[in-house]
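Structural overview for review
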Amino acid sequence: MLGSGIFMASAVLFFTRSVGLPLAQVALGMGMASLVGMLAGVPVGHLADRRGPREIYLLTLVIRAATMAALAFVHTFWPFVVLVCLTQLAHSAGGACRGPLVRGFGGTNPGRYRAYLRSVANLAGCCGALAAGAAVQLDTRAAYLALVVGNAVSFVACAAIITRLPSLPPVPAPQLTGRWIALKDRPFLAVTVLDAILGIQGQVLVFALPVWIISQTHAPRWFVGVALLVNTALVAMLQVRASRGVDTSSAAGRAMRRSGLAFLIGMALIAATSAMPGWVAVTVITLGVASHTVGELWHAAGSLELQFRLAPAHAQGQYMGISGLGTGLANVAAPSILGLLCIAWGAPGWLLMGGIFVAVGLAAPAVVRWGERTRPDSAEAVQIQRSGSRN
């Protein structure tokens, strides 16, 4: 996450100012890469379930290191497209592989472990973005190449760490289990849809809020960075605490319900700032960001718990691939949806988007109960996996 934060904060500038590609080509290539990446999670997750997640995850890290290093030699459009597609494919595949790894090494309190992972990842990504700012300020090819090489080195370092972990044996699948069970699991697909809609909130503070602050409020422009810093700091400090007690499917459903209400409060506060004086707008937006972040914490806690709780141990990677597909679709759709509602429609659009989050949150507990009723007893399979990881 440190390496990715360094690169993603400057990727567009690297491709346009250092490589020399037009912005339209960069946007097209990165869009194609996102589409390719979304399609990789389910099959690679299934492969990790059957062949062992550590080995497949190692392969994705090696691919990402190689493709990232190769970007230093790109000067034309099609090599750029091929490399960013391979990078995104390996990124999506790696996300699916991490599910079985987290389940295998999460210990007796996997929810707390996942919360620590998210806190550390968020903090590392922020630090990487701050480091990228120095290279952007220099605005030289050498500075941009240092970011690319640094990201490649980060994957090599991760691969070296992963080699120190013991191999996790695949969890035996029950007899008469189909190959693509996640695609046939309607309750889990319904949970994924609700989770993806709530996932649009991830773009509110990084896409909609900066445009809103600059174009619709009297708050100073520099406050855009401060608002994001407030969000990052709160996530790093409070994610573990927010995840306490979210250790069952029903608790996860209730956490998602609470998150919808927090999003509505936060978006209502932000929507009210268009006519406020500058420092009053800063104060109210800060409160809105804090409320939105509380919703983000609850959503993350509930979402992560359901991704693991509703997935059978022998198909964790495949189910993580489905979740990643939903997240990817939400990230693709979010800018258009938020641009229409929050930017084009103004305050009523912010309230409508908040209302959508509330409706989805209110529906979550019932859909989660449906999922619980259809779960087979997988306690034996989980015990087999934990026994294997200890050995």
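Residues numbered from 1 in each chain as written. Predicted model: local features only at pLDDT ≥ 70, side-chain atom pairs only at ≥ 80, totals over all residues. Heavy atoms only, no water.

Quick notes on the overall build of the protein chain
Check the secondary structure of the protein chain and you find 16 helices and zero strands. For 391 residues, the compact-globule estimate of 2.2 N^0.38 gives 21 Å, and the protein chain sits close to it at 21 Å. In terms of its C-alpha atoms, the protein chain occupies a principal-axis envelope of roughly 65 × 50 × 30 Å. When the 391 residues of the protein chain are sorted by exposure, 50% land in the buried category. Looking at the protein chain alone, contacts between residues at least 24 apart form 84% of all its contacts between residues at least 6 apart. Distance between charge centroids for the protein chain: 3 Å, based on 27 positive and 11 negative side chains. (Helix = DSSP H or I, 4+ residues; strand = E, 2+ residues; numbered from the N terminus. Rg over C-alpha atoms; globule rule 2.2 N^0.38 Å. Buried < 20%, exposed > 50% of the residue type's maximum accessible area, 1.4 Å probe, protein only. Contact = heavy atoms within 4.5 Å. Lys, Arg positive; Asp, Glu negative; His and termini not counted. Charge placed at Lys NZ, Arg CZ, Asp CG, Glu CD.)

Description of helix 3 (residues 23–51)
The first and last C-alpha atoms of helix 3 sit 40 Å apart over 29 residues, in line with the 42 Å expected at 1.5 Å per residue. Of all the bends in helix 3, the greatest, near 35°, is centred on Gly 41, and the proline Pro 43 appears no more than four residues after it. Backbone geometry just after helix 3 places Gly 52 at a positive phi near 110°. (Expected span 1.5 Å × (residues − 1). Bend = angle between axes of the 7 residues up to and from the residue.)

Describing a nonpolar patch on the surface
Together, Leu 59, Ile 63, Val 82 and Leu 86 make up an exposed nonpolar region whose accessible area comes to about 320 Å². Secondary structure elements with two or more residues in the nonpolar patch: helix 4 (53–70) and helix 5 (77–105). Mapped onto the elements of the fold, Leu 59 is located in helix 4. The exposure class assigned to Leu 59 is partly exposed, which follows from its relative accessible area of 48%. (Patch = residues over 30% accessible without salt bridge, like charges linked within 9 Å, V, L, I, M, F, W, Y side chains within 5 Å. Areas by Shrake-Rupley, 256 points an atom, 1.4 Å probe, with all protein chains shown as cover. Salt bridge = Lys/Arg side-chain N within 4 Å of Asp/Glu carboxyl O.)

Considerations on the confidence of the model for the protein chain
Taken as a whole, the protein chain shows an average pLDDT of 85; of its residues, 94% reach a score of 70 or greater. Here residues 378–391 scores under 50 on pLDDT; set against residues more than four positions off or in separate chains, the count is 16 contacts. (pLDDT = per-residue confidence, 0-100.)

Some thoughts on the environment of Ile 285
Along the chain, Ile 285 falls in helix 13 (residues 278–309). Under the relative-accessibility criterion, Ile 285 is labelled buried at 0%. Residues Ile 285 and Phe 223 lie 62 residues apart in sequence; the distance between their C-alpha atoms is 9.6 Å. With residues near it in sequence (within four places) discarded, Ile 285 still touches Leu 209, Ile 213, Thr 217, Phe 223 and Thr 273.

Brief notes about unusual backbone geometry
In this structure, Asp 139 is a non-glycine residue whose phi angle is positive, near 55°. Mapping Asp 139 onto the fold places it in the loop between helix 6 (110–138) and helix 7 (141–162).

Considerations on the pattern of salt bridges
Where charged atoms of side chains with opposite charge meet at close range, the side chains can pair. All chains considered together, the criterion is met by four salt bridges. Between Arg 309 and Glu 305 there is a salt bridge, with the nearest N and O atoms lying 2.7 Å from each other. With Arg 309 and Glu 305 both in helix 13 and four residues apart, the pair spans about one turn of that helix.

Focus: the packing of helix 12 (residues 249–271) against helix 13
In a pair of packed helices, the angle between the axes and the distance between the axes together describe the arrangement. One way to put it is that helix 12 packs onto helix 13 with a least axis distance of 7 Å and a crossing angle of 160°. Taken as axis vectors, helix 12 and helix 13 run roughly antiparallel relative to one another. Where helix 12 crosses over helix 13, the two elements pack in a sense that is left-handed. Residue composition of the contact of helix 12 with helix 13, by class: 13 nonpolar, nine polar and four charged. (Axes fitted to C-alpha atoms, helices over the stretch in contact; angles between N-to-C directions. Parallel < 35°, antiparallel > 145°, perpendicular 65-115°, else oblique. Left-handed = near helix turned anticlockwise from the far one by under 90°. Nonpolar A, V, L, I, M, F, W, Y, C, P; charged D, E, K, R; others polar.)

Quick notes on the side chain of Glu 296
Checked against the element boundaries, Glu 296 lands in helix 13. Leave out the neighbours within four places in its chain, and Glu 296 touches Arg 118, Gln 201, Asn 231, Val 235 and Phe 263.

A short note on the packing of aromatic side chains
Within the structure shown, the criterion is met by nine aromatic pairs. Clustering of aromatic rings is evident, with ring pairs tying together Phe 14, Phe 15, Phe 77, Trp 78 and Phe 80. (Phe/Tyr/Trp six-rings, centres within 6.5 Å; stacked < 30°, edge-to-face > 60°.)

Thoughts on the packing of helix 3 against helix 14 (residues 316–344)
At a closest axis distance of 7 Å, the pairing of helix 3 and helix 14 adopts a crossing angle of 170°. In terms of their interaxial angle, helix 3 and helix 14 are classed as roughly antiparallel. Taken as a pair, helix 3 and helix 14 cross one another with a handedness that is right-handed. In this structure, helix 3 contributes Met 38, Gly 41, Val 42, Gly 45, His 46 and Asp 49 to the contact, and helix 14 contributes Gln 316, Gly 317, Gln 318, Gly 321, Ile 322, Leu 325, Gly 328, Leu 329 and Val 332.

Some details on a positive patch on the surface
A contiguous patch of positive charge, built from Arg 254, Arg 257, Arg 258, Arg 369 and Arg 373, is present on the exposed surface. Of all the secondary structure elements, the ones that give two or more residues to the positive patch are helix 12 and helix 15 (347–373).

Description of the nonpolar core
Counting 50 residues, the largest nonpolar core has Leu 209, Leu 338 and Trp 350 as its most contacted members. Where this core is concerned, the elements lending two or more residues are helix 8 (181–184), helix 9 (186–199), helix 10 (204–216), helix 11 (223–242), helix 12, helix 13, helix 14 and helix 15. Ignoring any residue separated from it by four or fewer positions in sequence, one finds Trp 350 in contact with Val 204, Ala 208, Leu 209, Trp 212, Met 267, Ile 270, Ala 271, Leu 341 and Cys 342. (Core = buried A, V, L, I, M, F, W, Y, C linked by side-chain atoms within 4.5 Å.)

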